[in-house]
Amino acid sequence: MRKKVIAGNWKMNKLPNDAIEFITELTPLVKNSENEVVLCVPYTDLFYSLLHAQDTNIKIGAQNMHFEERGAYTGEVSGEMLKSIGVEYVIIGHSERRAYYNETDETVNKKLKKALSLGLKPIVCVGETLSQRENGLAKDVVITQTKLALQGLKNEEVEKIIIAYEPIWSISTISTGKTATKEDANEAIKWIRKEIEKIYGSEVSENVIIQYGGSVKSGNAKDLFEMSDIDGGLVGGASLDAQEFAKIVNYNV
Ligand code: PEP
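Reading the values: the criteria
- Residue indices begin from 1 for each chain and proceed along its sequence in written order.
- Per-residue local features of the predicted model are confined to residues with pLDDT of at least 70, and side-chain atom pairs are confined, for both listing and counting, to 80 or more; whole-chain, interface and lining totals are unaffected and use all residues.
- Values reported for side chains reflect all heavy atoms of the structure, with hydrogen atoms and water molecules removed beforehand.
- Pairing of aromatic side chains requires ring centres within 6.5 Å, counting the rings of Phe and Tyr and the six-membered ring of Trp. Pairs whose planes differ by under 30 degrees are stacked, by over 60 edge-to-face, and all others tilted.
- Exposure is judged per residue with a 1.4 Å probe applied to protein chains only, and the accessible area is read against the type maximum: over 50% gives exposed, under 20% gives buried, and values in between give partly exposed.
- The way it works is that DSSP assigns letters per residue, a run of H or I at least four long becomes a helix, a run of E at least two long becomes a strand, and they are numbered from the N terminus.
- The rule for a charge over a ring is simple: NZ of Lys or CZ of Arg within 6 Å of the ring centre, and within 35 degrees of the ring normal.
- With a 1 Å grid laid over protein atoms only, a set of points is called a cavity when a 1.4 Å probe fits there but cannot get out and a pocket when it is open yet has protein on both sides within 12 Å along at least five of seven lines; lining residues have an atom within 4 Å of a point.
- Grid points are joined across faces, edges and corners, and a volume is the space filled by probe spheres set on the points.
- Classes in brief: Ala, Val, Leu, Ile, Met, Phe, Trp, Tyr, Cys and Pro nonpolar; Asp, Glu, Lys and Arg charged; the others, Gly included, polar.

Caption draft 1: Inspection of the packing of aromatic side chains at higher detail. Going through the model one piece at a time under the given rule, you end up with four aromatic pairs. Taking 6.2 Å as the distance between ring centres and 80 degrees as the angle between the ring planes, the aromatic pair formed by Tyr100 and Tyr101 counts as edge-to-face. Pair check on accessibility: Tyr100 and Tyr101 agree, each one exposed. Here the aromatic rings of Phe225 and Tyr251 are separated by 5.1 Å at their centres, their planes lie at 85 degrees, and the arrangement is edge-to-face. With a gap of 26 residues between them, Phe225 in helix α11 (residues 221-225) and Tyr251 in the segment after α12 (242-249) connect regions that are remote in the sequence. The exposure class assigned to Phe225 is buried, which follows from its relative accessible area of 0%. Above the face of the Trp10 ring, Lys14 is positioned so that its terminal group lies 5.4 Å from the ring centre.

Shown next as structure tokens:
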């Protein structure tokens with residue numbers, strides 16, 4: 001049975017004091033959860049968050065990393081740097097990074113390989129735009145992104161990856177006024193799982209965790225996460241409030 005992983009993505013929100021307050025509030029609310037609880041916080045919050053989450057079941061992640069170990073990359077943070085302070089998870093290829101910071105399928109693949117080599121747990125984002133969906137291209141886009149992200153990885157590496165299917169049009173800040181239904185989300189995740197089965201076999205495809213992301217809230221989490229192929233969620237806006245995020249984590253309680 002695959003574990004559900006509920007990961008918050010704070011994006012560029014919260015100062016260290018806010019992070020500490022949030023973790024203090026969240027800790028008792030999720031302490032009995034059988035689901036994996038992850039907070040992907042800004043770089044400046046990582047150290048404080050790690051300290052405050054130390055004896056809890058809350059795992060801490062970053063929102064990006066560079067694929068090189070060191071060098072003349074002003075403003076970048078390497079996987080080694082994340083690992084050195086005890087970060088466990090890292091989001092790779094979020095649609096905002098693809099759209100605003102020239103993240104490509106190639107850099108996503110390089111980052112993924114680097115993260116795995118360091119023992120970081122990558123959450124790799126894939127997903128189509130609204131026009132791609134409306135033109136019947138969603139399946140092609142999502143499968144191509146997945147294949148290129150995973151290119152060159154061994155079966156045992158693919159099993160360690162978390163994939164987040166995030167239809168860009170369904171992300172709360174994009175304001176298309178549309179959100180994916182639980183059926184849309186489950187169908188797309190099945191496309192991904194089937195493709196992984198074709199390339200890496202059924203054992204890998206049955207084990208790989210594939211989340212859904214896009215306007216997940218306490219009001220729809222249960223419906224989404226109870227679908228056959230959805231293994232939890234990557235949560236943006238609704239992860240900024242500890243009470244709301246706790247309800248999402250505890251959707252099955
Ligand atoms: C996201 O951007 O990863 C996301 C899922 O955001 P939201 O939950 O706010 O739609």
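Picking up after the structure, the text goes on.
Caption draft 2: Highlighting the layout of surface pockets. Approximately 630 Å³ is the volume attributed to the largest pocket. Considering the residues around the largest pocket, the lining is formed by 22 residues, among which Lys11, Met12, Gln63, Arg97 and Tyr101 are closest to the centre. Within the residue set of the lining of the largest pocket, elements represented by two or more residues are α2 (43-52) and α4 (95-100). Broken down by element, the lining of the largest pocket gets its largest block of residues, three residues, from α4. Tallied by class, the residues present in the lining of the largest pocket amount to 10 nonpolar, seven polar and five charged. In this structure, the second largest pocket encloses a volume near 170 Å³. Lining of the second largest pocket is provided by 15 residues; of these, Ser172, Ser215, Val235, Gly236 and Gly237 occupy positions nearest its centre. Taken together, the residues of the lining of the second largest pocket sort by class into five nonpolar, seven polar and three charged.

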